[in-house]
Amino acid sequence: MFSASARPQLRIRARRALVLTTAGVLGAAGVLSLAGTANAASTLGASAAAKGRYFGAAVAANHLGEAQYASTLDTEFNSVTPENEMKWDAVEPTRNSFNYGSADQIVSHAQGKGMKVRGHTLVWHSQLPGWVGGLAAADLRSAMNNHITQVMTHYKGKIYAWDVVNEAFQDGSSGARLSSPFQDKLGNGFIEEAFRTARAADSGAKLCYNDYNTDGQNAKSNAVYNMVKDFKQRGVPIDCVGFQSHFNSNSPVPGDYQANLQRFADLGVYVQITELDIEGSGSAQATSYGKVVNACLAVSRCTGITVWGIPDKYSWRSSGTPLLFDDNYNKKPAYDAVLSALGGTSGGGGGGGATCAATYTRTSTWNGGFNGQVTVKAGSSAISSWTVPVTVTSPQKVSATWNGSPTWDSSGNVMTMKPNGNASLAAGASTTFGFTVTTNGNTNAPTVGGCTAS
Ligand code: XIL
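Keep in mind it's a predicted model, so treat the numbers as computed, not measured.

Explain the nonpolar core to me, please; I cannot follow it from the model alone.
A general tendency of soluble globular proteins is for nonpolar side chains to be buried together. Membership of the largest hydrophobic core comes to 94 residues, with the highest contact counts inside it found for Phe55, Trp162, Val165, Phe195 and Leu324. Apart from residues no more than four positions distant in its own chain, phenylalanine 195 is found in contact with Val164, Val165, Leu207, Cys208, Tyr209, Phe231, Val236, Pro237 and Ile238. Counting 23 residues, the second-largest nonpolar core is a separate cluster that includes Ala378, Val388, Met415 and Phe433.

Encoded structure:
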């Protein structure tokens, strides 16, 4: 650990899916008044989805049983990162004996709610069981590759992106590698080896390098940049760079944050904000959060943002109240700033506008497929119609739909669902539609975007 000052810090190919509809042709009454105002989404996840991004939270398995924790997670977020449950000490405390219980709990919760999962992390010097550091080079190499292969195979098809290597560079001006068992015994090549092993284990997951104090341009981020550039030039498999983004007054959001994200993106990798938390309170904290969200939205290859926890009380640095929800799960000014930067609107449809919310649940699973159900609920005013986008991950296919009428985008992965027949809902009333996904080996949950009412 470190002192606060040292470290304040997707789709179906266009082949048409077989679609079963209860009414193949809409009658005159069913012609949708899509010209109505598109209503902004009112949660972090749905607002981010409307901008083509995810909005995630680090989650601890031992809090999932707390009703308010789970309902805040399920309402607001569409991606999760296990905070500690996938780290080496949790997953392989003893050589070749793997423990997936807590991590599986998070992954199945996420899949049941349509959330993405970021895997964190495979190779890191911290939270590393003692036995690893005791191995000599050849043995360490095979232990590292075995760990990556076993863990990624266990979660194959379920992880959107993996932090393959975490925090391998030193802070300060040296730009040098950080001492660790991997660095000290295997040399600089361990990172490349880890990424190659990772690609072989699950070619469907995006492979990220993740670090802190790399959020602006400095000696450390330059060193990471040069590594990523070299990897891209030599064909070493890397897809993304994670910027942890732990900020406080000693280490505020850098002025060149967006420019730094952009220069990495220009290397041809995706960028993600992976562990965002900003110590502080009130409008100062809110302003900083807004800057981070705006920076990500301004970089087209920035695919999403994860905050490092849900309520302040469970933050790893709770005394700095760095998160979006207070200890009682009230939304803080920082929450409002994030929602508004994402283009969402707070207040559940005030002002008399027509709004609706969409929530996803997996209703059944079998070998090779699952059924999903989306509940569409009208806000505080009656609505005359609605649409909800649902995105699946290639090579998945939607093989059937019911209680709705889908249209497909050109990629074939995004289905926009509209109602069949009478589409109106009274204030607060709800309806559901459903669909079957053929997984073709990928069991990722679909992304359900914001509901648009008219
Ligand atoms: C932190 C967790 O939040 C704590 O619960 C744990 O005690 C220590 O690790 N960089 C990372 C994360 O990549 O894994 C760390 O998470 C925070 C810093």
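I keep staring at the state of the cysteines and nothing clicks. Help me out?
By definition, a disulfide is the covalent link that joins the sulfur atoms of two cysteine residues. The final tally for this structure, using the stated rule, is 2 disulfides. For cysteine 208, the disulfide goes to cysteine 240, at an S-S distance of 2.0 Å. As the torsion about the S-S bond is roughly -85°, the cysteine 208-cysteine 240 disulfide counts as left-handed. Of the two residues, cysteine 208 sits in strand S5 (residues 206-211) while cysteine 240 sits in strand S6 (residues 240-243), which places them 32 residues apart along the sequence. Cysteine 296 shares a disulfide with cysteine 302; S-S distance 2.0 Å. As the torsion about the S-S bond is roughly -100°, the cysteine 296-cysteine 302 disulfide counts as left-handed. Of the residues examined, cysteine 296 reaches a relative accessible area of 1% and is grouped as buried.

Is there a simple way to think about the environment of asparagine 440 in this case?
With respect to the secondary-structure elements, asparagine 440 resides in the loop between strand S16 (430-438) and strand S17 (447-448). Residue asparagine 440 is classed as partly exposed on the basis of its relative accessible area of 43%. Placed 73 residues apart in sequence, asparagine 440 and asparagine 367 show a C-alpha to C-alpha distance of 9.9 Å. If we skip the residues at most four places from it in the chain, asparagine 440 touches Gly368, Pro395, Gln396 and Lys397. Here proline 395 takes part through its backbone oxygen, which lies 2.7 Å from a polar atom of the side chain of asparagine 440.

Help me out: how do you make sense of the site of the ligand in this one?
In the vicinity of the ligand, 14 residues are found, and the nearest of them are Glu83, Lys87, His120, Glu275 and Trp308. Here glutamine 244 contributes a side-chain N or O atom positioned 3.2 Å from a nitrogen atom of the ligand. Within the contact set of the ligand, an oxygen atom lies 2.7 Å away from a side-chain nitrogen or oxygen of glutamate 275. For the ligand, the protein covers 85% of the area, taking 410 Å² as the surface of the free molecule. When grouped by side-chain class, the residues that make up the shell around the ligand number 3 nonpolar, 6 polar and 5 charged.

Would you explain unusual backbone geometry in this entry?
Glycine aside, residues mostly have negative phi angles, and peptide bonds mostly take the trans form. The amide bond that connects histidine 120 to the next residue, threonine 121, takes the cis arrangement and shows omega of -5°. Tracing the backbone shows threonine 121 in strand S3 (residues 116-123). Following serine 394, the chain continues to proline 395 via a peptide bond in cis, the omega torsion being 10°. The phi dihedral of glutamine 127 is positive, around 50°, even though this residue is not glycine. With respect to the helices and strands, glutamine 127 occurs in the loop between S3 and helix H5 (130-133). One non-glycine residue, tyrosine 329, lies in positive phi territory at about 65°. Along the polypeptide, tyrosine 329 turns up in the loop between strand S9 (302-307) and helix H12 (333-341).

What counts and what doesn't
- Residues numbered from 1 in each chain as written.
- Predicted model: local features only at pLDDT ≥ 70, side-chain atom pairs only at ≥ 80, totals over all residues.
- Heavy atoms only, no water.
- Core = buried A, V, L, I, M, F, W, Y, C linked by side-chain atoms within 4.5 Å.
- Buried < 20%, exposed > 50% of the residue type's maximum accessible area, 1.4 Å probe, protein only.
- Contact = heavy atoms within 4.5 Å.
- Disulfide = S-S within 2.5 Å.
- Helix = DSSP H or I, 4+ residues; strand = E, 2+ residues; numbered from the N terminus.
- Polar contact = N/O pair within 3.5 Å; in protein donor to acceptor, adjacent residues only side chain to side chain.
- Near = heavy atom within 4 Å.
- Areas by Shrake-Rupley, 256 points an atom, 1.4 Å probe, with all protein chains shown as cover.
- Nonpolar A, V, L, I, M, F, W, Y, C, P; charged D, E, K, R; others polar.

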